[in-house]
Amino acid sequence: MNKWILLFKQIRIHPLLWLVVGLAVITSHFNELFLLLLIIFVHEIGHAVAAQFFSWRIKSIVLLPFGGVAEMDEHGNRPLKEELMVILAGPIQHVWMIAAAFLCFEWQLITPEYFSLFVQYNLMILLFNLLPIWPLDGGKLVFLYLSYFYAFGDAHRKALQLSIFMLILFLIASLWILPFNINICIILAFLLFSLYYEWKQRRYIFMRFLLERYYGKHSELRKLKPLVVQESEPIMKVLEKFQRGCKHSIIVETGNKEKSVLDENELLHAYFAEKNVSAQISDLVYVY
C-alpha cells in the first residue's frame, strides 16, 4: 500500500498548467478545464501504475495543460516489452474512459453536451500524444521501434531527428489552422524545449545506458548479436554499436581474418573501471 501512496506523492503540476488554469478562470471555462485535467491525470496514472507494476523507478508525474510526463529513472536497459506496455498504458486509458462516459450518457447521468465534450477531449489528447514527437508517447514508440534495428545511440538520434521534422510540420499545420492560438503556442514551446534538451543531453543519456549495462541493472538479453570489428577501432566506437536487448560478443579481426573474441563486459570494464577511454580494441586483445 505504501508504494501506491508514494506514487501519488510524485505528482507535480507544471507552471504552464497554472497559467492555463488562470486563463480558464478568467474566461469562465473552468468546467472544461476540469474535464481536461481529469483525462490528463488518468492518462499519466496509467503510465505510472504500469511502471510501478514492473518496479520501475519513478521520479515524478508532471501534469501539463495538454498532457503530462511520467519521468522514470530508467536508462534504456529495461525489457523492450516492459517499456512498450508502460508507454501504451497511457493511451489505453482513453478507451475505458470513453466507454464509461458512454454508459453514463446512456443511463442519463451526464448531459449530451458533457458527453460530447468528454469524448472530444479524450480523442484530442489521445491523438496528440500519439504524434511521433519526443517526449510524447508517439515519439517514445518511435524510439522503441528503432531500437529493434539500430544501436542505442543511432536509434535515439534518429527518433529525435524525426521528432524535429514532425514538430516543424505540426508548427506549419497549427499556424495554418489556428494562427496565434495561445494554447498551441504553449504546446509548441514545451515540445521545442523538450526536444532541444533531449538533443543536448543525448551523450549523457547514452553513457547512462552503458553504465547501467555495465552494472547489469534490469538487462534483457533478447538475442545474441556478434559485432565484427577491426582491432584498430577505438573502444568507444565499438560501444556505440551496442543495441538494446542484445548481448554482444566482439569478434576482433585483422583485415578479414578473425584474431580474437571478446565479451561485451570486457569492453565495459576496460572503459569504466580501468578508465581506458582512448584505448583501442587491440589493447584489450593483448591484455586478455
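Being a predicted model, the structure only gives us computed values, none of them experimental.

**Some details on the domain arrangement of the protein chain**
It is common to give the size of an interface as the accessible area that goes away when the parts come together.
So, point 1. For the protein chain, the assigned domains read domain 1 (1-130), domain 2 (136-220) and domain 3 (223-286).
So, point 2. Computed from C-alpha atoms alone, the centre-to-centre distance between domain 2 and domain 3 is 28 Å.
So, point 3. Taken together, the contacts link 17 residues of domain 2 with 17 residues of domain 3.
So, point 4. Considering only the side of domain 2, the residues that lose the most area to domain 3 are L210, R213 and Y214, jointly responsible for 40% of the buried surface there.
So, point 5. With a shortest N-O distance of 3.0 Å, R213 and E264 are connected by a salt bridge.
So, point 6. Across the contact surface, domain 2 and domain 3 share 8 residue pairs in polar contact (both at pLDDT 80 or more).
So, point 7. Elements with a minimum of two residues in the side of domain 2 that touches domain 3: α7 (137-147) and α10 (202-214).

**What about the sheet that holds strand β7 (residues 249-254)?**
So, point 1. Ordered in space as β5-β7-β8, the 3 strands form an open sheet in which the pairing is mixed. Whereas interior strands pair on both sides, the edge strands pair on one side only; in this sheet they are β5 (227-230) and β8 (257-263). With strand direction ignored, the average angle separating the axes of adjacent strands in the sheet is 30°.
So, point 2. Helix α12 (residues 264-273) rests against β7 and β8 of the sheet, and its axis sits at about 70° to β8.

**Some points on the side chain of N122**
So, point 1. For N122, the location among the structural elements is in helix α6 (residues 112-129).
So, point 2. Once residues lying within four places of it in the same chain are set aside, the contact partners of N122 are I39, H94, M97 and I98.

**Describing the UniProt feature "transmembrane region" (unreviewed entry) in the protein chain**
So, point 1. Following the UniProt record, one finds the feature "transmembrane region" (unreviewed entry) at residues 16-42, 84-103, 123-147 and 159-176.
So, point 2. Along residues 84-103 one finds 80% helix and 0% strand; the C-alpha atoms at either end are 29 Å apart.
So, point 3. Overall, residues 123-147 shows 72% helix and 0% strand. The separation of its end C-alpha atoms is 28 Å.

**A word on α7**
So, point 1. Here α7 lies mainly inside the structure; 9 of its 11 residues are buried.
So, point 2. Where α7 is concerned, the buried positions are D137, G138, G139, K140, V142, F143, L144, L146 and S147.

**Some points on the packing of aromatic side chains**
So, point 1. Taken as a whole and assessed by the stated rule, the structure comprises 14 aromatic pairs.
So, point 2. Considering the side-chain rings of F152 and F209, the 4.1 Å spacing of their centres and the 5° angle between planes classify their relative orientation as stacked. Separated by 57 residues along the polypeptide, F152 in helix α8 (residues 152-177) and F209 in helix α10 bring together distant segments of the chain. Pair check on accessibility: F152 and F209 agree, each one buried.
So, point 3. Through pairs of rings, three or more aromatic residues link up here, namely W134, F143, F152, F206 and F209.
So, point 4. The ring of W199 carries the charged tip of R202 above its face, separated from the ring centre by 3.9 Å.
So, point 5. Just above the ring of F143 sits the side chain of R244; from NZ or CZ to the centre is 5.4 Å.

**Section: the pattern of salt bridges**
So, point 1. Under the definition given, this model contains 8 salt bridges.
So, point 2. In this structure, E240 and R203 form a salt bridge, with 3.0 Å as the shortest nitrogen-oxygen distance. Residue E240 is found in the loop between α11 (235-239) and β6 (246-247), and its partner R203 is found in helix α10; the two are separated by 37 residues along the sequence.
So, point 3. Its salt-bridge partner being K247, residue D263 comes within 3.5 Å of it at the nearest N-O pair. Within this pair, whereas D263 is found in strand β8, its partner K247 is found in strand β6, the two being separated by 16 residues in sequence.

What counts, and where the lines are drawn
Every chain is numbered independently, its residues counted from 1 as its sequence is written. Only residues with pLDDT of at least 70 get local features here, since the model is predicted, and only at 80 or more are side-chain atom pairs given and counted; chain-wide, interface and lining totals rely on the full set of residues. Think of the side-chain values as coming from all heavy atoms in the structure, minus any hydrogens and water. Reported domain spans reflect what an automatic or database domain assignment gives. Working rule for contacts: check all heavy atoms of both residues, and any pair within 4.5 Å makes them a contact. What gets called buried area is simply the loss in accessible area from a 1.4 Å probe that two parts show on being joined, summed for both. Any carboxyl oxygen of Asp or Glu within 4 Å of a side-chain nitrogen of Lys or Arg constitutes a salt bridge here. The term polar contact refers here to a pair of N or O atoms within 3.5 Å; inside protein, the definition further demands a hydrogen-donor-capable atom paired with an acceptor-capable atom, and it admits residues adjacent in sequence only when both atoms are side-chain atoms. Put simply, DSSP H or I for four residues or longer makes a helix, DSSP E for two residues or longer makes a strand, and each gets a number counted from the N terminus. For two strands to pair, DSSP has to find at least two bridges joining them. To get an axis, fit a line to the C-alpha atoms, keeping to the stretch in contact for a helix; angles then go from 0 to 180 degrees between the N-to-C directions. UniProt positions are given in the numbering used here, feature names are shortened, and annotations may be inferred rather than shown by experiment. Exposure classes here rest on a 1.4 Å probe applied to the protein chains alone. A residue is buried below 20% of its type maximum, exposed above 50%, and partly exposed in between. Put simply, two rings from Phe, Tyr or Trp (the six-membered ring, in Trp's case) pair if the centres are within 6.5 Å, and we call them stacked under 30 degrees between planes, edge-to-face over 60, tilted for the rest. As a reminder, the over-ring test applies to NZ of lysine and CZ of arginine, requiring each to be within 6 Å of the ring centre and within 35 degrees of the ring normal.

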